[in-house]
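Chain by chain, the residues:
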Amino acid sequence: MLNDMRRAEYSIVAGSNRRSAPNFKRKESVHPDERVSVTVRVRRRRRRHGSRELPGLDYWHNKYARQSENKLKTLSRKEFVDNYGAGQSDIDKVVEFAHLHGLIVESVSLPRRYVILSGSAAQMNGAFGVDLGHFESADSSYRGREGHIYIPNRLADIIDGVFGLDNRQMARRAAGGGGASYLTPPHVAQLYNFPSGQGASGQTIGLLQFGRCGYQLVDIQQYFNAPGFTVPSLTDVSINGASNAPGIDSNADAEVTADIDVAGSVAQGAAIAVYFSTWDEQGWVQAVSAAVHP
């Protein structure tokens, strides 16, 4: 934690205040040598006249509503980075800050606007002015903190967020309801007004999966061979230490398999990238960033 003398040199990261999760109590401090990984999110690139706001869906709809498909032009990945990615100078300042505290720079990305750092719990406590502890309930536990995250004043306008110090589960799969009727993928597509009779070759569908789950390739092959569909090209993407790990939770595995089956049979010819990540805050940030900027 920051003492009063150091507090004047530091700023609070907006939105970083945390309390213990309901029904959880702090049991003990995290061991100083425990390894911790964090994702530091950086602001958009600075421009002469200020940061450019990212256009919403209405902007693109209105801009191209009257143009034919062959005239439709969206931003290339390079254009997106140049306009909305992080600035190299901002990234460099975060890296310098990490080195001052003995942290290891694991990864840097201008498009995803983040720097992934790792180090000991003691180093993280010192770098971000926190006091990491282990919190427990009757049936679960997590590493977390209470209060705010602090960063040096010189980085206050550069860092948007720090994720990973607290690894509590942020969401969970909904419990299955009873009385559901049987639907085939074509029925699902019809309910969503998905265009039929059109192939999806050249497109990629990203599926986000969280927690300890996975799929067996043989199950996917058997499903697609039955109705004579083409088995999609599958790519597994491991994020924040998670991976395709079937056999741990059969219900979760069934959902992963169903997601692939539905997407691949409705959009025949599309490749499918399955992003496996963790349920915590850092896992969500990295998964969405990786899907948008593969």
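To be clear, the structure that these remarks concern was listed above.
Since this is a predicted model, take the numbers as computed values, not measurements.

## Examining the pairing of strand β9 (residues 159-163)
In step 1: For β9, the tally of buried residues reaches four of five residues, placing the bulk of the element in the interior.
In step 2: One ladder, built from four bridges, connects strand β3 (residues 35-42) with β9; its direction is antiparallel. Paired with Val40 across the two strands is Val162, which belongs to β9.

## Structural notes on the layout of surface pockets
In step 1: Approximately 840 Å³ is the volume found for the largest pocket.
In step 2: Taken together, 36 residues line the largest pocket, and the ones lying closest to its centre are Gln169, Arg172, Gly211, Arg212 and Trp279.
In step 3: Residues belonging to the lining of the largest pocket are distributed by class as follows: eleven nonpolar, 15 polar and ten charged.

## Overview of helix α4 (residues 88-100)
In step 1: Relative to the 18 Å expected for 13 residues at 1.5 Å per residue, α4 spans 18 Å between its end C-alpha atoms, a close match to the ideal helical length.
In step 2: Among all positions of α4, only Asp90, Ile91, Val94, Val95, Phe97 and Ala98 are buried. Considered in projection along α4, the buried side chains sweep an arc of 160° and stay on one side of the axis. Facing away from the buried side of α4 by more than 90 degrees, the exposed set consists of His99 and Leu100.
In step 3: Buried-residue contacts for α4 involve β3, β4 (104-109), β5 (114-120), α5 (121-128), β8 (150-152) and β9.
In step 4: Positive backbone phi, at 75°, marks Gly102, one or two positions downstream of α4.

## Here we look at the pattern of salt bridges
In step 1: Summed over all chains, the structure comprises eight salt bridges.
In step 2: Put simply, Arg18 and Glu281 hold a salt bridge, and the shortest N to O gap is 2.6 Å. Of the two residues, Arg18 sits in the loop between β1 (10-12) and β2 (25-29) while Glu281 sits in helix α9 (residues 281-292), which places them 263 residues apart along the sequence.
In step 3: In this structure, Lys27 engages Glu136 in a salt bridge whose closest nitrogen and oxygen atoms are separated by 3.7 Å. Within this pair, whereas Lys27 is found in strand β2, its partner Glu136 is found in strand β6 (residues 133-136), the two being separated by 109 residues in sequence.
In step 4: For Glu136, a relative accessible area of 34% gives the class partly exposed.

## A look at the sheet that holds β9
In step 1: Overall, antiparallel pairing links the four strands, which are arranged β4-β5-β3-β9 in an open sheet. What marks the edges here is a single partner per strand, and that holds for β4 and β9. Averaged over all pairs of adjacent strands, the angle between strand axes in this sheet comes to 20°, irrespective of strand direction.
In step 2: Here β3 runs beside β5; their pairing, made up of seven bridges, is antiparallel.

## Let's talk about the side chain of His293
In step 1: One can find His293 in the segment after α9.
In step 2: In terms of polar contacts, His293 uses its side chain to reach the backbone carbonyl oxygen of Pro111, at 3.3 Å.
In step 3: Aside from chain neighbours lying at most four places away, what touches His293 is Arg77, Phe80, Pro111 and Arg112.

## Regarding the sheet that holds strand β12 (residues 271-277)
In step 1: The sheet built from three strands is open, its strands ordered β10-β12-β11 with parallel pairing. The sheet is open, and its two borders are formed by β10 (204-210) and β11 (234-238), each paired with just one other strand. Taken pair by pair, the neighbouring strands of this sheet meet at an average axis angle of 20°, ignoring direction.
In step 2: The pairing of β11 with β12 spans five bridges and is parallel. Its bridge partner lying in β12, Ser238 is registered against Phe276.
In step 3: α9 contacts β10 and β12 of the sheet and is inclined by roughly 175° relative to β10.

## Structural notes on unusual backbone geometry
In step 1: You will see that Asn23, though not glycine, has its phi angle at about 70°, which is positive.
In step 2: Within the fold, Asn23 resides in the loop between β1 and β2.
In step 3: For Asn23, a relative accessible area of 72% gives the class exposed.
In step 4: A positive phi angle, near 55°, is found at Asn193, a position not held by glycine.
In step 5: Take Asn193: it is sitting in the loop between α6 (185-191) and β10.

## Details of the environment of Asp253
In step 1: For Asp253, the location among the structural elements is in helix α8 (residues 250-266).
In step 2: Using a relative accessible area of 12% as the deciding quantity, one classes Asp253 as buried.
In step 3: The spatial distance from the C-alpha of Asp253 to the C-alpha of Gly214 is 5.1 Å, given a sequence separation of 39 residues.
In step 4: In this view, Asp253 contacts Cys213, Gly214, Ala245, Pro246, Gly247 and Ile248; residues no more than four positions away in its chain are not counted.
In step 5: For Asp253, the side chain forms a polar contact with the main-chain nitrogen of Gly247, separated by 2.7 Å.

What counts and how
- Residues numbered from 1 in each chain as written.
- Predicted model: local features only at pLDDT ≥ 70, side-chain atom pairs only at ≥ 80, totals over all residues.
- Heavy atoms only, no water.
- Buried < 20%, exposed > 50% of the residue type's maximum accessible area, 1.4 Å probe, protein only.
- Helix = DSSP H or I, 4+ residues; strand = E, 2+ residues; numbered from the N terminus.
- Pairing = 2+ DSSP bridges.
- 1 Å grid on protein atoms, 1.4 Å probe; cavity = no way out; pocket = protein on both sides within 12 Å on 5 of 7 lines; lining within 4 Å.
- Points joined across faces, edges and corners; volume = space filled by probe spheres on them.
- Nonpolar A, V, L, I, M, F, W, Y, C, P; charged D, E, K, R; others polar.
- Expected span 1.5 Å × (residues − 1).
- Arc of directions from axis to C-beta.
- Contact = heavy atoms within 4.5 Å.
- Salt bridge = Lys/Arg side-chain N within 4 Å of Asp/Glu carboxyl O.
- Axes fitted to C-alpha atoms, helices over the stretch in contact; angles between N-to-C directions.
- Polar contact = N/O pair within 3.5 Å; in protein donor to acceptor, adjacent residues only side chain to side chain.

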